[in-house]
Amino acid sequence: MKIPESENNSLQKELGSLKRKLSALEKEVEKKRLLEQELMASEKKMRSIFRAAPTGIGVGKEWILLEANEHLCSMTGYKKEELIGKSARILYPSQEEFERVGKEKYAQIAEKEIGQLETQWQKKDGTIIHILLTSSSVEDSGLEGGVTFTALDITERVEMHTALNMVVEQYKNLFNSIRDSILVSDTNRKIIQYNPAFSDLFGYLPGEIEGEKTSVIYKDLDEFREMGTRLMENIDNPNFILTVSYKKKNGEIFTGETNVFYLRNQDGEITGFIGTIRDVSERMEAEKKLEYSYNLMRFIIEHTNSAVAVHDRDLNYVYVSQRYLDDYNITDRDVIGKHHYEVFPDLPRKWRNVHQRALAGEISSSERDPYFKENGEVVWTRWECRPWFESDGSIGGIIVYTEVITKRVLAEEAVKESERKLSTLLSNLPGMAYRCLYDSDYTMKFISAGCIDFTGYEPKELIDNSVISYAALIHPDDAEMVWNSIQNAVADDQPFVIEYRIIDREGKERWFWEQGCEVSKTKDRDLILEGFITEITDRKRVEKELLKIKSSLEEQVEERTRELKERINELERFHQATIEREFRIKELQDEINRLKKENQ
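Residues numbered from 1 in each chain as written. Predicted model: local features only at pLDDT ≥ 70, side-chain atom pairs only at ≥ 80, totals over all residues. Heavy atoms only, no water.

A. Fine view of the overall build of the protein chain. Along the protein chain, the regular secondary structure elements total 16 helices and 20 strands. Looking at the 600 residues of the protein chain, the share that counts as buried comes to 31%. Here the analysis covers contacts within the protein chain between residues at least 6 apart in sequence; of these, 40% occur between residues at least 24 apart. When the accessible surface of the protein chain is totalled, it reaches about 39200 Å², and 52% of it is carbon and sulfur. (Helix = DSSP H or I, 4+ residues; strand = E, 2+ residues; numbered from the N terminus. Buried < 20%, exposed > 50% of the residue type's maximum accessible area, 1.4 Å probe, protein only. Contact = heavy atoms within 4.5 Å. Areas by Shrake-Rupley, 256 points an atom, 1.4 Å probe, with all protein chains shown as cover.)

Written out as structure tokens, the structure is:
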């Protein structure tokens with residue numbers, strides 16, 4: 001049957017359309033197959049990534065865990081079956097943290113399509129770990145399809161960060177608490193930072209001069225430039241110290257000890273400087289005073305009568321004075337560091353014992369000690385040995401003070417011998433020698449033993465008026481005469497000789513003869529009298545008797561003279577009468593003779 005051409009054309013068109021559709025369908029099927037292959041490959045890849053990812057990966061919906069990779073399991077300590085189907089609450093240490101994460105995460109996803117925050121998870125064994133949690137919705141349409149999340153264990157990083165923060169905080173605390181001023185600057189010497197101690201020292205507020213050149217804190221530009229030169233000269237030194245003159249905000253100048261450290265990067269390049277500044281003005285002044293004191297001490301030690309030697313605990317010389325070297329004829333002047341017994345190998349055992357006692361804390365001394373040398377010579381010394389102490393109170397060694405007093409001892413012995421001879425002489429003298437102050441008490445400073453027999457008082461009772469003053473012994477009627485006689489003699493620079501009475505201890509009156517003179521003055525400029533007194537009571541008694549005899553004789557002589565005068569007067573009267581009679585007889589004879597002549 002022949003098909004009409006119009007239908008044939010229609011069929012041809014429809015067949016062509018079917019072929020095209022079939023071809024398109026085949027292409028679609030092929031495309032789908034390819035897509036399915038790509039999807040399968042992508043899914044395998046994703047599963048491979050899911051399994052092999054070094055990050056915990058999971059899928060959840062409405063907080064129920066639907067999927068978890070191996071790393072998530074190993075990270076939390078749970079098996080996969082222990083997580084799948086469980087609430088994500090199992091991973092959080094508290095309900096509060098669980099709710100916080102949910103609230104913040106979903107808010108971020110809603111706003112940015114991805115949420116990321118740090119949180120804490122609790123492992124199966126209770127260990128807390130820090131997690132960086134990143135989440136996004138499975139479907140673009142919203143959260144209804146669930147979310148995928150990755151969990152990165154950042155515990156180590158958080159701990160390092162915490163440790164770093166602690167270090168930074170400790171650095172800040174240390175930086176702020178150090179009592180020395182600290183200044184940090186860059187290579188252009190611009191101030192980057194300074195601590196509170198710097199503010200206190202220089203008077204600048206925190207941050208007030210940050211960014212300025214450090215020249216602002218120097219006394220002048222010369223000091224600033226000098227520091228710059230020193231910074232360049234000491235690049236190879238880890239740090240260096242120097243003394244600089246600084247200027248405070250108020251213009252006050254002070255001396256600062258500066259310790260400079262170089263800041264370097266990993267390549268060793270200098271990136272800045274750290275300087276610690278300490279006000280040493282008082283210390284330097286103290287050091288000057290200490291140096292002065294030390295020099296003064298050395299001067300005193302070198303010019304004292306004592307020889308000084310300082311030893312450590314091992315008896316090695318630490319210091320010796322020049323007098324020590326001279327007094328002991330030490331030819332090797334470089335004895336510092338040498339052992340004491342090396343310098344004096346023949347030192348007696350008693351001295352070694354003294355040294356050991358001093359090292360144990362005992363102080364020993366002697367005012368007069370003989371030291372017998374090997375050549376038989378005797379050296380007399382006055383010494384003291386005492387410990388010296390370290391700053392912690394422990395014994396650091398010993399100090400020996402010695403003074404060679406041989407000449408003085410010999411002189412003292414000579415004086416004693418002289419005094420013995422004088423004492424013997426005085427004890428045999430018929431009287432008492434004295435030395436007293438020229439005062440109203442005649443204060444005795446010395447009086448010989450003869451005073452016992454003469455006054456009844458012992459010397460110690462009269463010396464310094466201990467029991468009675470010598471002036472109190474003088475008879476009241478003679479006291480003024482004695483004082484005036486002494487005054488006149490002293491004024492004329494002449495010796496005095498006086499006789500006076502005293503009242504002795506028993507109340508007896510005794511006569512003394514005294515001769516003395518003013519000899520010197522004491523350090524207080526008091527006049528000193530010296531003299532000799534002897535008793536003349538017997539002489540006075542004899543003189544008194546003689547006076548009586550003389551008086552009696554004189555009376556007898558006067559009586560005899562009177563009698564003789566009367567006899568003489570009588571004889572003279574008789575003689576006169578005889579003469580007158582003879583003269584009358586002669587007159588009569590003459591008259592007779594005249595008369596005879598007249599009568600012739």
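Having seen the model, we can carry on.
B. Just the side chain of T155, in detail. Checked against the element boundaries, T155 lands in helix α5 (residues 155-177). Residues within four places of T155 in sequence aside, it is in contact with I129 and H130.

C. Examining the packing of aromatic side chains more closely. Under the criterion given, the structure shown has 19 aromatic pairs. Taking 5.4 Å as the distance between ring centres and 35 degrees as the angle between the ring planes, the aromatic pair formed by Y438 and W483 counts as tilted. Residue Y438 is found in the loop between β16 (432-437) and β17 (444-447), and its partner W483 is found in helix α15 (residues 476-491); the two are separated by 45 residues along the sequence. Here Y442 and W483 contribute two aromatic rings whose centre-to-centre distance is 6.0 Å and whose plane-to-plane angle is 55 degrees, an arrangement assigned as tilted. With Y442 in the loop between β16 and β17 and W483 in helix α15, this residue pair connects regions lying 41 residues apart in the sequence. Accessibility expressed as a relative area gives 6% for Y442, which makes it buried. Every member of this aromatic cluster is reached through a ring pair, and the members are Y194, F198, F202, Y218, F224, Y246 and F254. (Phe/Tyr/Trp six-rings, centres within 6.5 Å; stacked < 30°, edge-to-face > 60°.)

D. How the structure looks around the pattern of salt bridges. The full count for this structure, using the stated rule, is 27 salt bridges. Two residues, R100 and E97, come together in a salt bridge whose shortest N-O distance is 2.7 Å. Taken as a pair, R100 and E97 lie in helix α4 (residues 95-112) at a separation of 3 residues, close to a single helical turn. Judged by its relative accessible area of 28%, R100 is partly exposed. K460 is the salt-bridge partner of E458, the closest N and O atoms lying 4.0 Å from each other. Take K460: its relative accessible area is 61%, and that puts it in the exposed class. Each of E97, R100 and E104 takes part in salt bridges that share partners, so that together they form one network. (Salt bridge = Lys/Arg side-chain N within 4 Å of Asp/Glu carboxyl O.)

So far we have only geometry, and geometry alone does not tell us how the molecule works.
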